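This is what each chain is made of:
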Amino acid sequence: MGFARTCSVALVGVEGVVVEVQADLEPGVAAFTLVGLPDKSLTESRDRVRAAVVNSGASWPQKKLTVGLSPASVPKSGSGFDLAVAAAVLGAAERIDPRVLADIVMIGELGLDGRVRPVRGTLPAVLAAANAGYEQVVVPECAAAEASLVPGVSVLGVRSLRQLIAVLADEPVPDEEPVEPGRPDPLLAGLRVPGTAAATGIHHMGTAQHDQDHDLADVVGQTSARTAVEVAAAGGHHLLLEGPPGAGKTMLVERLPAVLPPLGSREALEVTAVHSVAGLLPPGKPMIDTAPYCAPHHSATMQALVGGGPGMARPGAVSLSHRGVLFLDEAPEFSSHALDALRQPLESGHVVIARSAGVVRFPAKFLMVLAANPCPCGRFSQRDDFCECSPSAVRRYQARLSGPLLDRVDLRVQVDRVTRTELTRSGAGGESTAAVAQRVRAARERTAARLAGTPWHTNSEVPGRELRSRWSAVPGAMDDAERSLERGALTARGIDRVLRVAWTVADLVGHDRPDATDVALALQLRTGVPRGVPMAIGALT
């Protein structure tokens, strides 16, 4: 009787469980049995592994073969167990020393010719292996850079099963035929899942590209909206831009990711892990170190926004925009059920999806930006009578954004129509992206210094009770906000959000504590009621 074991990883969302792959050979009729709650794609690995072993020059054992995936109570899915199954079978057949396999984690799909193909979720799988104490990981060669992002783990990238056998058996490693120049590498097809990016509007746009092609200086006028974008970036506050078509709402939001500071190492690993599970990592750049930007179409379903799908749930737009920007253009056109499903992730910073195959938890700490027209025709305004919609139609259109959702939005700004004078004026325009981004980074550094030793990183995350007790404003600065609370213009949640925004304004301006001017600007950005303070951050410094 021959026995060997090695390890692989079963992913549940972005969390992984190390699975022991055991192979047992016994005398009897040649058969291959796979046990341990495998799904359809994993059950098919019996045929893939057999063909890959034979085509790699090894002999397939003509005995009764049983492969067990332990723990058996955890559902296993996907083709990433192929490499571990093949190694365990070869260890049981004594082609490889079983003692060498015991402490190695293997992740990869096998082709019928023995080539090793990449699978989704390599980074979170290696993270799970490292957290479980494993130090050696074998992955496909084209996914080795992604796996190497995990510190403290030795990564071996192999292009074929023949190479793995040679390395583990201490034999000369054969060279695989290189891909001809100019021809696509078929192994790279497994790094991306077709169609998932189109459903959620995910884009990977680096800061340099934004500075060149999407500069804030291109936006004409819109002082209030530019200030709101800056405050949103500095404090992580959610934003609603309401105004007529063509006023520049989309232009402003497209320039928001470049204003955000680069991701830290821990945040970059979180974002990269989510995109790895979704199959959306950019080819040749495994680490995502800039804030992601996700702009789904208004026809997106609830599953596309919050995650879901058949079988084990996949991350939706709220998770793909983790640590970045989720832009919902034409927000009233989204399904009301889909919009209301965002309320829990906005508060908790994660989304939990329950399906028959299991419960999945995805991170979802994003900056939400809503853009909306004031009415169906888009020309409703208090200044003119160009609108052709009836008052009831305007009310119905504006009511599509529910009160509980809007109560979670810190900044609400009216984007006015651009005038002829503003559009044709020559000379210097507004501040550039580089100038605003520098001010945002300085404000983030002040926030980080104040919140050092706490679990929070931005002002939008700090609970209201902590703001009122540990980090209060200047005495008397909150009088106007408290009067608005008494009149019913603000809720208790709303006054906490005003104080958070006031702290962000103070960090941008350089104040030690929010004063009456900072609170007045925060109130104006939330309610839209003028408070007699300059709207440009530069005018307050």
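Residues numbered from 1 in each chain as written. Predicted model: local features only at pLDDT ≥ 70, side-chain atom pairs only at ≥ 80, totals over all residues. Heavy atoms only, no water.

Moving on, we come to the overall build of the chain. Summing up its helical and strand segments, the chain has 26 helices and 17 strands in all. Intrachain contacts of the chain at a sequence separation of at least 6 include 72% that bridge at least 24 residues. (Helix = DSSP H or I, 4+ residues; strand = E, 2+ residues; numbered from the N terminus. Contact = heavy atoms within 4.5 Å.)

This next bit is on the packing of aromatic side chains. Scanning the entire structure with this criterion turns up 2 aromatic pairs. Taking 5.6 Å as the distance between ring centres and 45° as the angle between the ring planes, the aromatic pair formed by F32 and W60 counts as tilted. With F32 in strand 3 (residues 31-35) and W60 in the loop between helix 2 (45-55) and strand 4 (64-70), this residue pair connects regions lying 28 residues apart in the sequence. Summarising the burial analysis for this pair, F32 and W60 share the class buried. Note on W456 and W471: the rings are 6.4 Å apart at their centroids and 85° apart in plane angle, and the pair reads as edge-to-face. Of this pair, W456 sits in the loop between helix 21 (433-450) and helix 22 (464-469) while W471 sits in the loop between helix 22 and helix 23 (479-487), and the two are 15 residues apart along the sequence. In this pair, the class of W456 matches that of W471, namely buried. (Phe/Tyr/Trp six-rings, centres within 6.5 Å; stacked < 30°, edge-to-face > 60°. Buried < 20%, exposed > 50% of the residue type's maximum accessible area, 1.4 Å probe, protein only.)

Turning to helix 7 (residues 161-168), a few remarks are in order. It helps to recall that an α-helix has 3.6 residues per turn; residues three or four apart then point in one direction. In terms of burial, helix 7 is a largely internal element, 6 of the 8 residues being buried. Those residues of helix 7 not exposed but buried are L161, Q163, L164, I165, A166 and L168. At the C-terminal side of helix 7, D170 shows a positive phi close to 55°.

What follows is about the pairing of strand 2 (residues 15-26). As judged from the 11 bridges shared by strand 1 (residues 2-12) and strand 2, these two strands associate in the antiparallel manner. Its bridge partner being in strand 2, F3 is matched across the sheet by D24. Adjacent in sequence and paired antiparallel, strand 1 and strand 2 are bridged by 2 residues, among which G13 carries a positive phi angle near 70°. As judged from the 7 bridges shared by strand 2 and strand 4, these two strands associate in the antiparallel manner. Of the residues in strand 4, the one forming a bridge with Q22 is G68. (Pairing = 2+ DSSP bridges.)

For the rest of this paragraph, the subject is the pairing of strand 4. Sheet topology places strand 3 next to strand 4; 5 bridges connect them, and they run parallel. Its bridge partner lying in strand 4, A31 is registered against K64.

Attention now moves to the nonpolar core. The biggest cluster of nonpolar side chains holds 57 residues, and the ones touching the most others in it are V231, L239, V369 and L525. If one sorts the elements of this core by residue count, helix 24 (residues 492-509) sits on top with 9 residues. If you look at the next biggest cluster of nonpolar residues, it comprises 39 residues, including W60, L65, A84 and V85. (Core = buried A, V, L, I, M, F, W, Y, C linked by side-chain atoms within 4.5 Å.)

Under the definition given, this model contains 26 salt bridges. One salt bridge in this structure joins R408 and E347, with 3.5 Å as the shortest N-O distance. Here E347 lies in helix 17 (residues 343-348) and R408 lies in the loop between helix 19 (403-406) and strand 17 (411-414), a separation of 61 residues in the sequence. In this structure E347 comes out as partly exposed when scored by relative accessible area, which is 42%. A salt bridge links D407 to R526, with the nearest nitrogen and oxygen atoms 3.0 Å apart. Residue D407 is located in the loop between helix 19 and strand 17, and its partner R526 is located in helix 25 (residues 516-527); the two are separated by 119 residues in the primary sequence. Classification of R526 by relative accessible area gives buried; the value is 4%. Each of E347, D407, R408, D410, R493, R497 and R526 takes part in a single network of salt bridges with overlapping partners. (Salt bridge = Lys/Arg side-chain N within 4 Å of Asp/Glu carboxyl O.)

Mean pLDDT for the chain: 87, with 90% of residues reaching 70 or above. Taken as a whole, residues 195-200 scores under 50 in pLDDT and shows 14 contacts with residues more than four places along the chain or in a different chain. With pLDDT under 50 throughout, residues 205-211 is counted as low confidence; its partners more than four residues away or in other chains account for 14 contacts. (pLDDT = per-residue confidence, 0-100.)

What follows concerns the packing of helix 24 against helix 25. The relative placement of two packed helices comes down to the angle between their axes together with the axis-to-axis distance. Viewed as axis vectors pointing N to C, helix 24 and helix 25 meet at an angle of 125°, and their least axial separation amounts to 8 Å. Taken as axis vectors, helix 24 and helix 25 run oblique relative to one another. Remark: the crossing between helix 24 and helix 25 carries right-handed chirality. When helix 24 is examined against helix 25, the residues G494, R497, V498, V501, A502, V505, A506 and V509 are found in contact with a partner set consisting of D518, V519, L521, A522, L523, L525 and R526. A per-class count over the contact of helix 24 with helix 25 returns 11 nonpolar, 1 polar and 3 charged. (Axes fitted to C-alpha atoms, helices over the stretch in contact; angles between N-to-C directions. Parallel < 35°, antiparallel > 145°, perpendicular 65-115°, else oblique. Left-handed = near helix turned anticlockwise from the far one by under 90°. Nonpolar A, V, L, I, M, F, W, Y, C, P; charged D, E, K, R; others polar.)

Let us now look at the state of the cysteines. Applying the stated criterion across every chain yields a total of 0 disulfides. Between C377, a cysteine without a disulfide, and C375, which holds the nearest cysteine sulfur, the sulfur-to-sulfur distance is 3.4 Å. Judged by relative accessible area, C377 falls into the partly exposed class, the value being 29%. (Disulfide = S-S within 2.5 Å.)

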